[in-house]
Amino acid sequence: MRQVRTLVQNLFAGDKQADRVVPPSGFTAQLTLFAAAAMAFLAVFALALSLASGRLATRWGDELARTSTIRIVAPDGQRVTQTEAALRVLQTTAGVQSARALTDDEQQALLTPWFGGNISLDDLPVPRLIEVIEAENGFDAAGLRLRLSAEVPAAFLDDHTRWRAPLVQAANRLRLLGWVAIVLIAAAVAAIITLAANAALSANAQVIAVLRLVGATDHYIADAFIRRFTIRAFLGATTGMIAGLLAVLLLPSAADEAGFLTGLGFQGASWLAPLLIPILAAGVALIATRFAARKALEALR
């Protein structure tokens, strides 16, 4: 911890004599600031996407894992009887916490987004739906299907496993894609800063030669470049992070009607996560500049 504190103090304290080696403005300074700001802005959205996808996968997994649906596909004259028989079977099934038949209003509300609010269930051959809530340990889906086929021929069990798993898998892959994007952003920052540092070192080749003649070590010269480029990356990333957070604040808040499309922002303590982006950008810049300085100074011998 003490070494980290000393490193941070040395970075920001600086050395006025050594800092004159690195041009305070110009192409390399502008490139470093812009690249760090742009990549930090993108990293905020990649982080928001990853965290939102993780929340979505957890919510879909939790909500759908304990729910099942039974469809009663029977003529109108037998639908009520078959529904009551299915409910009696569910009452004696181990692992079923509760079961109830959806009302006409509830079923019509499910169809409204697809057919509009003016439809009537009498005009459509809509099966009666039974909502099944599983207990903590769940129930034997195969055994329940066998019982239903024997006692309620018009009942069909859907435990949501066919489409629950692909949804959760898709959300998890989106989360992975967000983290991959963050890694690629960090790699792009490292590449750009390496190029900018090489350009600055090459432009100051004569100054570096004079410093060597008066006794300056390569370590002393490299530290000047490392310090200046690290601070530039930190300041640029801080600016980009703030802009990204402001943009995320403008996104619509989470809503049940379109939970994923309106839930891409941060929630709770996750708002603190973007604060790590400038620190990570400074770390990437430090490593990239140190690598570039070592290679360039060896080439200028």
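Everything discussed here concerns the structure shown above.
Residues numbered from 1 in each chain as written. Predicted model: local features only at pLDDT ≥ 70, side-chain atom pairs only at ≥ 80, totals over all residues. Heavy atoms only, no water.

Asker: So what's going on with the packing of aromatic side chains? Which residues, and what values?
Answerer: Counting across every chain of the model gives two aromatic pairs. Above the face of the Phe-229 ring, Arg-232 is positioned so that its terminal group lies 5.1 Å from the ring centre. (Phe/Tyr/Trp six-rings, centres within 6.5 Å; stacked < 30°, edge-to-face > 60°. Lys NZ or Arg CZ within 6 Å of the ring centre and 35° of its normal.)

Asker: For the nonpolar core, give the residues involved together with the corresponding values.
Answerer: Judged by nonpolar contacts, the single largest core of 35 residues is most densely connected at Val-44, Ile-193, Leu-201, Ile-221, Phe-225, Phe-229 and Phe-266. Every element with two or more residues in this core is listed here: helix H3 (27-65), helix H7 (161-203), helix H8 (205-213), helix H9 (218-249) and helix H10 (276-299). Counting residues in each nonpolar core, the second largest holds 18 residues, with Ile-70, Val-89, Ala-141 and Leu-144 among its members. (Core = buried A, V, L, I, M, F, W, Y, C linked by side-chain atoms within 4.5 Å. Buried < 20%, exposed > 50% of the residue type's maximum accessible area, 1.4 Å probe, protein only. Helix = DSSP H or I, 4+ residues; strand = E, 2+ residues; numbered from the N terminus.)

Asker: How would you summarise the sheet that holds strand S2 (residues 96-101) if you had to cite specific residues and measurements?
Answerer: Taken in spatial order, the four strands make up an open sheet running S2-S3-S1-S4, and their pairing is antiparallel. Taken across any chain shown, the strands that pair with only one partner, and hence form the sheet edges, are S2 and strand S4 (155-158). Sheet twist, expressed as the mean angle between neighbouring strand axes with direction ignored, is 20°. Where S2 lies against strand S3 (residues 128-134), five bridges are found, and the strand directions are antiparallel. Opposite Ala-99, over in S3, you have Val-132 as the bridge partner. Helix-sheet contacts for helix H4 (residues 76-91) involve strand S1 (67-72), S2 and S3, and the interaxial angle to S3 is about 10°. Sitting on the sheet, helix H6 (residues 141-151) is in contact with S1 and S4, with an inclination near 170° to S4. (Pairing = 2+ DSSP bridges. Axes fitted to C-alpha atoms, helices over the stretch in contact; angles between N-to-C directions. Contact = heavy atoms within 4.5 Å.)

Asker: Tell me about the environment of Ala-243, residues and numbers included.
Answerer: Note on placement: Ala-243 falls in helix H9. The spacing of Ala-243 and Ala-40 is 203 residues in sequence and 9.0 Å in space, taken between C-alpha atoms.

Asker: Describe H10, listing the residues and the values that go with them.
Answerer: Across its 24 residues, H10 extends 35 Å between first and last C-alpha, which sits within 8% of the 34 Å expected from 1.5 Å per residue. Turning to H10, its buried residues number three or more, namely Ile-277, Pro-278, Ala-281, Ala-282, Ala-285, Leu-286, Ala-288, Thr-289, Ala-292, Ala-293, Ala-296 and Leu-297. (Expected span 1.5 Å × (residues − 1).)

Asker: Go over the pattern of salt bridges, please, and point to the residues and values.
Answerer: A full pass over the atoms with the stated rule returns five salt bridges. Across the pair Glu-151 and Arg-147 runs a salt bridge whose closest N-O atoms are separated by 3.7 Å. Taken together, the residues Glu-151 and Arg-147, both in helix H6 and four residues apart, mark about one turn of the helix. Here Glu-151 falls in the partly exposed class, since its relative accessible area comes to 46%. Using a relative accessible area of 28% as the deciding quantity, one classes Arg-147 as partly exposed. The shortest N-O distance in the salt bridge between Arg-212 and Asp-218 comes to 3.0 Å. In this structure Arg-212 comes out as partly exposed when scored by relative accessible area, which is 22%. (Salt bridge = Lys/Arg side-chain N within 4 Å of Asp/Glu carboxyl O.)

Asker: So what's going on with the environment of Leu-201? Residues and values would help.
Answerer: Along the chain, Leu-201 turns up in helix H7. Among the residues examined, Leu-201 registers a relative accessible area of 1% and is labelled buried. Taking the C-alpha atoms as reference, Leu-201 lies 7.3 Å from Ala-293; in sequence the two are 92 residues apart.

Asker: Describe the packing of H4 against H6, with residues and values.
Answerer: Taken N-terminus to C-terminus, the directions of H4 and H6 make an angle of 145°; their axes are 10 Å apart at the nearest point. Between H4 and H6 lies a crossing whose hand is right-handed. Residues Ala-86, Val-89 and Leu-90 of H4 form the contact with H6, whose own contacting residues are Leu-144, Arg-147, Leu-148 and Glu-151. The residue makeup of the contact of H4 with H6, split by class, is five nonpolar, no polar and two charged. (Left-handed = near helix turned anticlockwise from the far one by under 90°. Nonpolar A, V, L, I, M, F, W, Y, C, P; charged D, E, K, R; others polar.)

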